[in-house]
Amino acid sequence: MSSFVVALLTATALAVPAPQTARATAAPDDGWGGGTTGGATADATHVTTVRNRAELLAAVAGDTPKIVVVAGRIDLNEGRNCASYADPEYDLDAFLAAYDPAVWGRATKPAGPLEDARVRSARTQGEQIRVNVGSNTTIVGGRGARIDHGSLALTNVSNVIVRGIEFTDAADCFPAWDPTDGAGGNWNSLYDLISLSGATRVWIDHNTFGDGDNPDADQPERFGRPYQVHDGATDIIRGSDLVTVSYNDYGNHDKTMLIGSTDSPGVDVGRLRVTVHHNRFGNVLQRAPRVRFGQVDVFNNLFVATDDDYQYSLGVGVESAIYAENNFFVLGLETPAADVIHYWKGTRITAIGSLVATPGRLPRRVDLVAAYNAAYDPDLAPDAGWRPTLRTRLDPAVAVPLIVAATAGSRRLSPSAASSR
């Protein structure tokens, strides 16, 4: 056999995961998303290896059970840049001049020809970088699998598994300016690395998420506010339900995981049941997660929060019920434990078994709710009103850093893995 053929066969073997990994399902008791099967029952004609955008879009479409293996790096931009998406009538400098708060004011959102051109530009980019995933799908990465500059959209679908892939830099070329968002207005971007909207029965496992070499920290300020080009890493909104997010590595991102996108009761009530376990949140600034309405189990996660711009980890939103247990927090010397929790109009949270470490000091057990209540008003009740029952296991908090370091992220997915571990 020639050396070329040997090399080709070796490369193919490295790119494709073992069958037991591709057909793995979430264990029945692996959190709210337990029992998700994705495309495990796919026949041989619906097991596809994809290496580019066109193959990926075709393979994930439709609701027939299917397994899609991502081989190597797929750039959803296909080499295009922001200028190539811009509408002929869009110009950033003209946009900034027209909607400067000193000119436009702060009472209403932008409207008119330049805003319309921005929307058209954003639509063009979205058509290029958004991947709509069908029901009954497993998307699994071979070695070195990576999806750059785009967003997996799970919209009104069910029974989806995403495992073993690195996702980077779903940057919005045309963020929207909203002068009515907060006291100073905000720039809001459109694309999440993975977006769940009305999605049920989803398992997001052993992936890596980040902004790559394009962090929001490198963006300028415009109108006195950060010109933010990234949205969530894995947002779960609009009545999504029965989701497990496990053994993922989130790094150097701002708005990481939003569960519930509005304070208004509606489709989210009684849904947004999500389990978040054994993930690493490495210097993400906020929303790890921020929750509205849902019963969300957050256990055995490692939070490294030493960035000077760190804001909080657990966001207690309207009618949320977060149950946080045996998590490990590494905080900067100037960050008090009280800042791990943030008030977003919620009233209660269970946070037990938490360990907090700072550089040069041994970890200490901290009652995070008591620390928050001592520093801020209004007080939060230390009882979320429910107790999780769907867990394969609960590790002691002291073991979490070692366990997560050894298991979280796309490179830690064992070729023979048949469950969440």
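As shown above, the structure is provided for reference.
Residues numbered from 1 in each chain as written. Predicted model: local features only at pLDDT ≥ 70, side-chain atom pairs only at ≥ 80, totals over all residues. Heavy atoms only, no water.

A.B. asks: Sorry if this is basic, but what is going on with unusual backbone geometry here?
C.D. replies: Where the residue is not glycine, phi is negative for most of them; where a peptide bond is considered, it is trans in most cases. Residue Pro 289 is bonded to the preceding Ala 288 through a cis peptide linkage, with omega at -5 degrees. For Pro 289, the location among the structural elements is in the loop between strand E22 (280-282) and strand E23 (290-291). Non-glycine residue Asp 169 carries a positive phi angle of around 55 degrees. Tracing the backbone shows Asp 169 in the loop between strand E9 (166-168) and strand E10 (176-178). Residue Asp 169 is classed as buried on the basis of its relative accessible area, which comes to 8%. (Helix = DSSP H or I, 4+ residues; strand = E, 2+ residues; numbered from the N terminus. Buried < 20%, exposed > 50% of the residue type's maximum accessible area, 1.4 Å probe, protein only.)

A.B. asks: It is not clear to me how the environment of Ser 354 should be interpreted in this structure. Could you clarify?
C.D. replies: By the element assignment, Ser 354 lies in the loop between strand E30 (349-352) and strand E31 (355-357). Along the chain, Ser 354 and Phe 328 lie 26 residues apart, while their C-alpha atoms are 6.0 Å from each other.

A.B. asks: So what exactly am I meant to see when it comes to helix H3 (residues 53-60) here?
C.D. replies: An α-helix turns once per 3.6 residues; consequently, residues spaced three or four apart project the same way. Looking only at H3, the buried set comprises Arg 53, Leu 56, Ala 59 and Val 60. Take H3 and look down its axis: the buried residues cluster within an arc of 135 degrees, on one side only. For H3, exposure combined with an orientation more than 90 degrees from the buried face picks out Ala 54 and Ala 58. A side-chain oxygen of the first residue of H3 lies 3.2 Å from the backbone nitrogen of Ala 54; this N-cap is Asn 52. Looking one or two places after H3, you find Gly 62, whose phi comes out positive at around 85 degrees. (Arc of directions from axis to C-beta. Polar contact = N/O pair within 3.5 Å; in protein donor to acceptor, adjacent residues only side chain to side chain.)

A.B. asks: Whenever I open this one, the pairing of strand E21 (residues 274-277) confuses me. Can you help?
C.D. replies: Across the two faces of E21 the burial is the same, with Val 274 and Val 276 and Thr 275 and His 277 all buried. Note: E21 against strand E24 (residues 295-299), 4 bridges, orientation parallel. Within E24, the position partnered with His 277 by the bridge is Phe 299. (Pairing = 2+ DSSP bridges.)

A.B. asks: How should I be thinking about the pattern of salt bridges in this particular structure?
C.D. replies: Should their charged atoms come close, side chains of opposite charge can pair. Per the counting criterion, the structure on display carries 14 salt bridges. As a salt-bridge pair, Asp 148 and Arg 73 come within 2.4 Å of each other at their nearest N and O atoms. In this pair, Asp 148 sits in strand E6 (residues 146-148) while Arg 73 sits in strand E3 (residues 73-75), placing the two residues 75 residues apart along the sequence. You can call Asp 148 buried: its relative accessible area is 1%. Taking relative accessible area as the criterion, Arg 73 reaches 47% and is therefore assigned partly exposed. Ionic pairing is found between Asp 297 and Arg 391, a salt bridge with its closest N-O pair at 2.8 Å. Linking Asp 297 in strand E24 with Arg 391 in the loop between helix H8 (368-375) and helix H9 (400-407), this pair joins segments that are 94 residues apart in sequence. Look at Arg 391 and you get buried, because its relative accessible area is 17%. Connected through salt bridges with shared partners, the residues Arg 73, Arg 146 and Asp 148 form a single ionic network. (Salt bridge = Lys/Arg side-chain N within 4 Å of Asp/Glu carboxyl O.)

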